[in-house]
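# Breakdown of the fold
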Amino acid sequence: PSRIAVVLSAEHCNEDNFAMALIASRYLGVKEAYLGAKPAGEGDDILMNADKNPNRAGANQAAAQLGLGEPKPLASLLDALRSDRYDYVLSLGSHVDVEDVAELKTELARTKGHVAICCSEGSLSHASHVALPACSWAEVRGSYVNAKGLAQQAEAVLEPLGEAYPGWQLAVALARTLGYDIDWKSRADLDQAMLQSDAPNSPDAASTSDVSPEAEA
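Residues numbered from 1 in each chain as written. Predicted model: local features only at pLDDT ≥ 70, side-chain atom pairs only at ≥ 80, totals over all residues. Heavy atoms only, no water.

### Overview of the side chain of E107
Note the cut-off: Segments assigned H or I by DSSP are reported as helices when at least four residues long, segments assigned E as strands when at least two residues long, and all are numbered from the N terminus. Burial here depends on accessible area, computed with a 1.4 Å probe over protein chains only, as a share of the maximum for the residue type. Under 20% is buried, over 50% is exposed, and the range in between is partly exposed. Contacts are assigned to residue pairs with any non-hydrogen atoms lying within 4.5 Å of each other.
Structurally, E107 can be placed in helix α4 (residues 101–109). Residue classification places E107 among the buried positions, given a relative accessible area of 12%. Once you skip the residues sitting within four places of it in the chain, E107 turns out to touch L78, L81 and R82.

Here it is, written out as structure tokens:
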């Protein structure tokens, strides 16, 4: 566990972050996490928020609820990789907010294994040994926590393209491939786990969509 780094995502939904954080803490025995995010942009005191990430608060809450504390920034991960602290990295999301993106990509590529779950191409996918295609926010039902701490539900409006799956399904498939007997068989199992952990959403417990990439894929 001390040689594995887990990166959560300020762009992915609560469900994806919860699954990644739960696998990190309960199955991998990881004690801390990092957070990938878009860099800050222009903001004002009226409507425009400088934080351009849709779910920083949700990712932080998922990590805290599963015993990982507040996720550290990717700049801290870069420092740790420079000092050879980690051999393996599991990351969620596509965006990074470090000044030297090229060095981060070099350090990630230098690890023994980096698996990236991401919905678009970016620095994390380009530096991965294995990239797993996740659904975008428009292709999957999910919940997000805004800057004011309000949990909001988003519905899927598009069919997933290609071989994309919800990020949480890919995290479950990855855990099973690593040999862990995670027993979620449907979206309802995920919803129930989030309710028991008082995760930041209000899921529809009647959902029954299957965890389809049984794939050990």
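### Regarding the pattern of salt bridges
Defined as follows: Just to be clear on terms, a salt bridge is a Lys or Arg side-chain nitrogen sitting within 4 Å of an Asp or Glu carboxyl oxygen.
The tally for this structure, following the rule as stated, stands at 9 salt bridges. Residue R3 is joined to D87 by a salt bridge in which the shortest nitrogen-to-oxygen separation is 3.0 Å. You can see R3 sitting in the segment before β1 (4–9) and its partner D87 sitting in the loop between α3 (74–82) and β4 (88–92), a full 84 residues away along the chain. In this structure, the salt-bridge partner of R110 is E107, at a minimum N-O distance of 2.7 Å. In the salt-bridge network here, residues are joined through shared partners; they are E15, R187 and D191.

### Regarding unusual backbone geometry
One non-glycine residue, D84, lies in positive phi territory at about 60 degrees. With respect to the secondary-structure elements, D84 resides in the loop between α3 and β4.

### Some details on the environment of P133
Summarising the element assignment, P133 is placed in strand β6 (residues 130–133). Using a relative accessible area of 37% as the deciding quantity, one classes P133 as partly exposed. Sequence separation between P133 and R110 is 23 residues, and the spatial gap between their C-alpha atoms is 22 Å.

### Brief notes about the environment of P71
Note that P71 resides in the loop between α2 (56–65) and β3 (72–73). Given a relative accessible area of 8%, P71 falls into the buried group. With 64 residues separating them in the primary sequence, P71 and V7 have C-alpha atoms 8.3 Å apart. If we ignore the near neighbours within four places in the chain, the residues touching P71 are L8, A33, Y34, L35, A59, N60 and A63.

### Section: the confidence of the model for the protein
Worth spelling out the cut-off: Every residue gets a pLDDT, meaning the predictor's confidence in that residue, from 0 to 100.
Mean pLDDT over the protein stands at 88; residues scoring 70 or higher make up 91%. The weakest mean pLDDT in the protein belongs to helix α7 (residues 187–196) at 90; the strongest belongs to β1 at 98. Of the regions scoring below 50 in pLDDT, residues 201–212 engages in 31 contacts with residues more than four places distant in sequence or in other chains.

### A closer look at the sheet that holds β6
Stated precisely, the cut-off is as follows: Strand pairing is assigned whenever DSSP identifies at least 2 bridges connecting the two strands. What counts as an axis is a line fitted to C-alpha atoms, over the stretch in contact for a helix, and the angles between N-to-C directions run from 0 to 180 degrees.
Here 6 strands make up an open sheet; going across it, the order is β3-β2-β1-β4-β5-β6 and the pairing parallel. Edge positions in the open sheet fall to β3 and β6, since each of these has one partner strand only. In this fold helix α1 (residues 14–27) packs onto β1, β4 and β5 (113–118), with an angle of close to 165 degrees to the strand it touches most, β1.

### Regarding the side chain of E11
Short version of the rule: Definition of a polar contact: a pair of N or O atoms within 3.5 Å, with one able to donate and the other able to accept a hydrogen when the atoms are protein atoms, and with sequence-neighbouring residues admitted only if both atoms are side-chain atoms.
Along the chain, the position of E11 falls in the loop between β1 and α1. There is a polar contact of 2.6 Å between the side chain of E11 and the backbone nitrogen of S94. Ignoring anything within four residues of it in the chain, the contact list for E11 reads P54, G93, S94, H95, C119 and Y144.

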